[in-house]
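# Reading the structure
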Amino acid sequence: MLTRGHLEYPQSELNKAWKKLLLNQFHDVLPGTSIQTVYEDVHQYYKEIADSCNDVIERALAALLTGGQSENVYAINTLSWTRREVVTLPNGENRVSTSQTLLDGSTVALAEAPSFGYAVIDGRTQHSQSVAASQNESGEITVENGILRAIIDAGGRVVSLKVKAASS
């Protein structure tokens, strides 16, 4: 029973995607003996399958996590171990104290989610690690946080990367 949101099981969408997937397993497609037009169709079908399934996943997660009523951003972990990764926030949101805006305008943040679980991405659940950067007169850039210290030469090459605990 779903208590946070309601989602009708998308049987017809999944059947349609499944049938397209099975069609792409045709005996001439798999070994590569079809003509070019067939492969163009196959690539289009795979894109449609992926788009349809991703849409179903997004709707299911929205119903499960928020009932479709929340503006929170979630890091979903489908793996059997804890994941801690840099994630891109939707629409350039900057609600996390540890987020960073990239040159292309997108915003990234560090997210950690438990195995087979999720985490709300906000300033309370994410780890904060300040970063310092400096450049010396020869053009070398030093970037460091509480864990790592990296030195990048004027040509953009990493010339030193040390784990702080090990470099003492």
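Residues numbered from 1 in each chain as written. Predicted model: local features only at pLDDT ≥ 70, side-chain atom pairs only at ≥ 80, totals over all residues. Heavy atoms only, no water.

Here we take up the nonpolar core. One finds Val73, Ala75, Leu89, Ala109, Ala111, Ala113, Ala119 and Ile121 forming the largest nonpolar core, which totals 8 residues. Ranked by the residues each element gives to this core, the list is headed by strand 4 (residues 107–113), at 3 residues. (Core = buried A, V, L, I, M, F, W, Y, C linked by side-chain atoms within 4.5 Å. Buried < 20%, exposed > 50% of the residue type's maximum accessible area, 1.4 Å probe, protein only. Helix = DSSP H or I, 4+ residues; strand = E, 2+ residues; numbered from the N terminus.)

For Phe116, which is not glycine, the phi torsion reads 50° and is therefore positive. By the element assignment, Phe116 lies in the loop between strand 4 and strand 5 (117–120).

So, about helix 2 (residues 36–65). Relative to the 44 Å expected for 30 residues at 1.5 Å per residue, helix 2 spans 43 Å between its end C-alpha atoms, a close match to the ideal helical length. Taken together, the buried positions of helix 2 are Tyr39, Val42, Ile49, Ser52, Val56, Ala63 and Leu65. Here the buried face of helix 2 lies against helix 1 (11–23), strand 1 (74–77) and strand 5. (Expected span 1.5 Å × (residues − 1). Contact = heavy atoms within 4.5 Å.)

Taken in spatial order, the 3 strands make up an open sheet running 2-4-3, and their pairing is antiparallel. With one partner strand each, in any of the chains shown, strand 2 (83–89) and strand 3 (100–101) form the two edges of the open sheet. The pairing of strand 2 with strand 4 spans 7 bridges and is antiparallel. Note on strand 4: the bridge partner recorded for Glu85 is Ala111. (Pairing = 2+ DSSP bridges.)

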